[in-house]
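# A look at the structure
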Amino acid sequence: MNAFTTLISQVRACTLCENHLPLGARPVVQAHPSARILIAGQAPGRKVHESGIPFSDASGERLREWMGVTREIFYDERCIAILPMGFCYPGTGSSGDLPPRPECAPTWRQPLMAALPNIQLTLALGQYAQAFHFDGKRLPVTERVADWQSHWPNLLALPHPSPRNNIWLRRHPWFEEQVIPLLRQRVAEVLAQP
């Protein structure tokens, strides 16, 4: 546990790309070696940057609903690890938040993943997390999500739970009808293990 404590302290103190961040460095992560579920997103938004709590916004409410978990379970680092591809808020572009900073994942992803030996389910939210967790292969998010059975039950691509994706969800009702009930069941199974 000492090595992990040192690693997570280093991550939380990281200022590697601070000069490129509009609000400065504030890595937002949640992890513990006993975690069984990994949520891999893009990067914190402005609200999350301000609170320092991952998914402390409307996206988090929808994600917890999709997973069928309470806030208490969601924020229990011994159960659920939350490691975005970029740990700090990257700023806003013309069509939403900017992509995660490119320095973050190459620096921290492998050591953190190696320190999480009990992960049984990885939820990859959005194109950057999906490209990393699906062996670097880039596919449109809709195509990746529709192919959910290919890596089930250990890896699942999800659209980002942001309210900005309401149109996507309306256009693809099969996602909430077919995938979400199975996701809830799988999350419950993984968390129920001793």
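Here's a quick rundown of the structure.

Scoring rules and cut-offs
- Residues numbered from 1 in each chain as written.
- Predicted model: local features only at pLDDT ≥ 70, side-chain atom pairs only at ≥ 80, totals over all residues.
- Heavy atoms only, no water.
- Salt bridge = Lys/Arg side-chain N within 4 Å of Asp/Glu carboxyl O.
- Buried < 20%, exposed > 50% of the residue type's maximum accessible area, 1.4 Å probe, protein only.
- Helix = DSSP H or I, 4+ residues; strand = E, 2+ residues; numbered from the N terminus.
- Contact = heavy atoms within 4.5 Å.
- Axes fitted to C-alpha atoms, helices over the stretch in contact; angles between N-to-C directions.
- Parallel < 35°, antiparallel > 145°, perpendicular 65-115°, else oblique.
- Left-handed = near helix turned anticlockwise from the far one by under 90°.
- Nonpolar A, V, L, I, M, F, W, Y, C, P; charged D, E, K, R; others polar.
- Lys, Arg positive; Asp, Glu negative; His and termini not counted.
- Core = buried A, V, L, I, M, F, W, Y, C linked by side-chain atoms within 4.5 Å.

### Regarding the pattern of salt bridges
- According to the stated counting rule, one finds three salt bridges in the structure shown.
- For the salt bridge of Glu103 with Arg101, the shortest nitrogen-to-oxygen distance reads 2.8 Å.
- With a relative accessible area of 22%, Arg101 lands in the partly exposed category.
- With its nearest N and O atoms 3.7 Å apart, the salt bridge here joins Glu189 to Arg186. Here the residue Glu189 and the residue Arg186 both occupy positions in helix α9 (residues 173-192), the gap between them amounting to three residues, near one helical turn.
- Among the residues examined, Glu189 registers a relative accessible area of 40% and is labelled partly exposed.

### Regarding the environment of Arg62
- Counting through the fold element by element, Arg62 comes out in helix α3 (residues 58-67).
- Through-space distance from the C-alpha of Arg62 to that of Glu143 is 21 Å; in sequence the pair is 81 residues apart.
- Here Arg62 is in contact with Pro161, Ser162, Pro163, Asn166 and Leu169, once residues within four sequence places are set aside.

### Side note on the packing of helix α1 (residues 2-12) against helix α5 (residues 104-114)
- Interhelical geometry of α1 versus α5 gives an angle of 155 degrees and a closest axis separation of 11 Å. Taken together, the axes of α1 and α5 lie roughly antiparallel to each other. The way α1 lies across α5 gives a crossing that is left-handed. Contacts from Leu7, Ile8, Gln10 and Val11 in α1 reach Trp108, Pro111 and Leu112 in α5.
- Residue composition of the contact of α1 with α5, by class: six nonpolar, one polar and no charged.

### Considerations on the side chain of Arg144
- Relative to the helices and strands, Arg144 is located in helix α7 (residues 141-146).
- Buried within the structure, Arg144 lacks any salt-bridge partner; Asp147 is the closest side chain of opposite charge, at an N-O distance of 5.6 Å.
- Sequence-distant contacts of Arg144, that is, excluding residues within four places in its chain, are made with Gln130, Phe134, Lys137, Arg138, Leu139 and Ala157.

### A short note on the nonpolar core
- Ile39, Met67 and Leu183 are the most contacted members of the largest nonpolar core, which has 33 residues in total.
- Where this core is concerned, the elements lending two or more residues are β1 (37-40), α3, β2 (80-82), β5 (121-125), β6 (155-158), α8 (166-171) and α9.
- Per-element accounting of this core gives the leading share, six residues, to α9.
- Phe4, Leu38, Ala81 and Leu112 belong to the second largest nonpolar core, which has 17 residues in total.

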